[in-house]
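Per-entry structural report
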Amino acid sequence: MDKTLYDAVIIGGGPAGLNAALMLGRARKKAVVIDEGKPRNRVTREAHGFLTRDGIPPGELRRLAKEQIVRYPGITFIEEAVQSAAGADGHFQITTAKGITLRSKKLLFTVGMKDQPLNIPGLTEVYGRSAFVCPYCDGWELRDEPLVIISRGADAMHFIPLISGWTDRFTLCTNGPDGLTDADREDLRQHGVPLHDAKIRSIESEDGIVRQIVLEDGTAISCRGIFFRPDLAIGSNLPQSLGCQVTETGTIIVDELGRTTVPGVFSAGDAVTMRHQAIAAASSGAMAAAALNNELNLEAWRRNG
């Protein structure tokens, strides 16, 4: 057992966790970042929309971040999974999968989200190469290309006007019942958006680049890119095990400072929002770390008064 009482344990080493560690290191706090090294964006070759780092490989972004963070002696890293979390504000205990036990005053969950199995044949082969989930991250590279949008219902009707800013050459495939209203279908018809509700038989590709989507009814749709809405789950159930409340969509409920419903427990990044962008996650981590640090300083001030 590590006998150190850390100011904070940060669970999750993506942009949110790393920026939180940077903030706490600069605030002269002792914190440890625990991450198992399996980020959701490891399938992606480039990260976009991150000021001064547009187009950087996600792994390189993490490497540079750690290189800068380790300059602050209060921050350490452990690469493995966390098995359990227990305790209360000021006295938390974390145990890793290899049996390392850590004690901390505060917890910060930056556990992100994880993809559920991709149940469309051929989607795994193109995910992160020519099939993406966020046009702000990857729309520029597919501008003016023929695309297929895999979505349904209200999500589809939100996504289609958005994607039209990058290309007007796209087809909607709902991969089963479309979940659309008559007004939705009329809207698509007026804008000339082809709609297919047959199940997808396969996605055919070459070296990760999609060539066509084949439906169960035999229709073949040529395209050069795909945007789809993945099924996601929170990256860890540890926040719920401590009593943190979550929304119907599975995100952790936090206030504007990143405080969860459990005293002493904070959360940031993709785990607390449906807006999944690296720069937004990093900002969220910084703000939560600042709030966590403020609590620590105020508690110490009161003890010493």
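All of the points below concern the structure found in this document. (Residues numbered from 1 in each chain as written. Predicted model: local features only at pLDDT ≥ 70, side-chain atom pairs only at ≥ 80, totals over all residues. Heavy atoms only, no water.)

Further remarks concern the environment of Leu 107. In this fold, Leu 107 is placed in strand 6 (residues 101–109). Residue Leu 107 is classed as buried on the basis of its relative accessible area of 0%. Setting aside its immediate chain neighbours within four residues, Leu 107 contacts Val 9, Phe 92, Ile 94, Leu 242, Gly 264, Val 265, Phe 266 and Leu 292. (Helix = DSSP H or I, 4+ residues; strand = E, 2+ residues; numbered from the N terminus. Buried < 20%, exposed > 50% of the residue type's maximum accessible area, 1.4 Å probe, protein only. Contact = heavy atoms within 4.5 Å.)

Moving on to the packing of helix 1 (residues 15–26) against helix 2 (residues 58–69). One can describe the packing of helix 1 onto helix 2 by two numbers: an axis separation of 10 Å at closest approach and a directional angle of 15°. Classed by the angle they form, the pair helix 1 and helix 2 counts as roughly parallel. In this structure, helix 1 meets helix 2 at a crossing whose hand is left-handed. Residue-level contacts link Pro 15, Leu 18, Ala 21 and Leu 22 of helix 1 to Arg 62, Ala 65, Lys 66 and Ile 69 of helix 2. Of the residues assigned to the contact of helix 1 with helix 2, the class counts are six nonpolar, no polar and two charged. (Axes fitted to C-alpha atoms, helices over the stretch in contact; angles between N-to-C directions. Parallel < 35°, antiparallel > 145°, perpendicular 65-115°, else oblique. Left-handed = near helix turned anticlockwise from the far one by under 90°. Nonpolar A, V, L, I, M, F, W, Y, C, P; charged D, E, K, R; others polar.)

Going through the model one piece at a time under the given rule, you end up with four aromatic pairs. A centroid spacing of 5.4 Å and a plane angle of 70° characterise the contact between Tyr 127 and Phe 228, whose relative ring orientation is edge-to-face. A residue pair is termed long-range when its members are at least 10 positions apart, and Tyr 127 in the loop between helix 3 (123–126) and strand 8 (131–132) and Phe 228 in strand 15 (residues 225–228) qualify at 101 residues. The two residues Tyr 127 and Phe 228 agree in class, both being buried. Centroid distance Tyr 136 to Trp 166: 5.5 Å. Interplanar angle 85°. Geometry classified as edge-to-face. Taken as a pair, Tyr 136 in helix 4 (residues 135–138) and Trp 166 in the loop between helix 5 (153–163) and strand 10 (170–173) lie far apart in primary sequence, 30 residues in all. (Phe/Tyr/Trp six-rings, centres within 6.5 Å; stacked < 30°, edge-to-face > 60°.)

Turning to unusual backbone geometry, a few remarks are in order. At Arg 28, a residue that is not glycine, the phi angle is positive and equals roughly 65°. One can find Arg 28 in the loop between helix 1 and strand 2 (31–35). The residue Asp 144 is not glycine, and still its phi comes out positive at about 65°. With respect to the helices and strands, the residue Asp 144 is situated in the loop between helix 4 and strand 9 (147–150). Since its relative accessible area comes to 52%, Asp 144 is described here as exposed.

These values are about where atoms sit, not about what they do.
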